[in-house]
Amino acid sequence: MIDLFRRLLAPEPARLPEPDAQLALATLLVRIARTDGLYAAEEVERIDRALSRRYGLDPFAAARLRTEAEALEAEAPDTVRFTRALKEAVPLEDRAELMTALWSVALADGLREAHEDRLLRLVANLLGLSDVDSALARQKAERE
C-alpha cells in the first residue's frame, strides 16, 4: 500500500503496473460507494461484480481485492491522484467501461445523489471523458 501511495504522490506518476491499477480502480469504486455516507450491501456486490468482469477474477479474488481497497480508501490521498493514476494505467478506449462501473456502484442503492453526481463529473473529466461519455456510461449502468 505504501508503495502505491508513493507512486500516486510522485510529481510525475509513472504508469501503474497491473496489480496496482486494479487496486486503484477498486479503491475509486469504494470511494464512490462511500461518498453518500452509506456503504450498502448492493454497492459491495456491484464493486465485486465490476472487478470480476473487468479483471476476470473469481468471486473470492474480487472480494479480496475489494477488502484491500476498503482499507486503502480509508488512508488514500485525494480522489484526483487516484483518478490521474487510472488515466495513465487505462487506455482511453477502456475508460468509458470504468465510468460504467463507477456509475453502477453509485446507482446501486437506488438513489442518485447530487454529491455523487459532482464526484462522477470530476472523475469523468480527470479520466479525459466528456459529459456525454459519462451520461452514456450512466445510461448503460442503469440498463444493466
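Structure: see above.
Cut-offs used in this document
- Residues numbered from 1 in each chain as written.
- Predicted model: local features only at pLDDT ≥ 70, side-chain atom pairs only at ≥ 80, totals over all residues.
- Heavy atoms only, no water.
- Helix = DSSP H or I, 4+ residues; strand = E, 2+ residues; numbered from the N terminus.
- Contact = heavy atoms within 4.5 Å.
- Areas by Shrake-Rupley, 256 points an atom, 1.4 Å probe, with all protein chains shown as cover.
- 1 Å grid on protein atoms, 1.4 Å probe; cavity = no way out; pocket = protein on both sides within 12 Å on 5 of 7 lines; lining within 4 Å.
- Points joined across faces, edges and corners; volume = space filled by probe spheres on them.
- Nonpolar A, V, L, I, M, F, W, Y, C, P; charged D, E, K, R; others polar.
- Phe/Tyr/Trp six-rings, centres within 6.5 Å; stacked < 30°, edge-to-face > 60°.
- Lys NZ or Arg CZ within 6 Å of the ring centre and 35° of its normal.
- Expected span 1.5 Å × (residues − 1).
- Buried < 20%, exposed > 50% of the residue type's maximum accessible area, 1.4 Å probe, protein only.
- Salt bridge = Lys/Arg side-chain N within 4 Å of Asp/Glu carboxyl O.

A. Quick peek at the overall build of the chain. The secondary structure content of the chain amounts to eight helices and zero strands. The order of helices and strands in the chain, counted from the N terminus, is α-α-α-α-α-α-α-α. A sequence separation of at least 24 residues applies to 75% of the contacts in the chain between residues at least 6 apart. Accessible area of the chain: about 7400 Å², with a carbon and sulfur share of 52%.

B. View of the layout of surface pockets. A volume near 220 Å³ is recorded for the largest pocket. For the largest pocket, the full set of lining residues is Arg-46, Arg-49, Ala-50, Arg-53, Arg-54, Glu-97, Thr-100, Ala-101, Ser-104, Lys-140, Ala-141 and Glu-144. With five residues, helix α3 (residues 41–55) is the largest single contributor of residues to the lining of the largest pocket. For the lining of the largest pocket, the residue count by class is three nonpolar, two polar and seven charged.

C. Summary view of the packing of aromatic side chains. Applying the stated rule across the entire model yields zero aromatic pairs. A cation sits over an aromatic face here: Arg-34 above Tyr-39, 5.0 Å from the ring centre. One Lys or Arg, Arg-138, reaches over the ring of Trp-103 and ends 5.9 Å from the middle of that ring.

D. Just helix α6 (residues 92–107), in detail. Between the first and last C-alpha of α6 there are 23 Å, a value that for 16 residues agrees with the 22 Å anticipated at 1.5 Å per step. Of all the residues in α6, the buried ones are Arg-95, Leu-98, Met-99, Thr-100, Ala-101, Leu-102, Trp-103, Ser-104, Val-105, Ala-106 and Leu-107. Taken together, the buried residues of α6 touch α2 (18–34), α3, α5 (79–89), α7 (114–126) and α8 (131–143).

E. Here's a closer look at the side chain of Ser-104. The topology assignment puts Ser-104 in helix α6. Excluding anything up to four places from it in sequence, Ser-104 contacts Arg-46 and Ala-141.

F. Broad picture of the pattern of salt bridges. Taken as a whole and judged by the stated rule, the model has seven salt bridges. Of the charged contacts, one joins Arg-31 and Glu-73 as a salt bridge, the two residues approaching to 2.9 Å between their closest N and O atoms. Placement of the pair is Arg-31 in helix α2 and Glu-73 in helix α4 (residues 59–75), with a sequence separation of 42 residues. The two residues Arg-31 and Glu-73 agree in class, both being buried. Here Asp-48 makes a salt bridge to Arg-66, at a shortest N to O gap of 2.6 Å. Taken together, the residues span a long stretch of sequence, with Asp-48 in helix α3 and Arg-66 in helix α4 at a distance of 18 residues. Comparing Asp-48 with Arg-66 shows no difference in burial state: the two are buried. Salt bridges sharing partners connect three or more residues here, namely Arg-31, Arg-34 and Glu-73.

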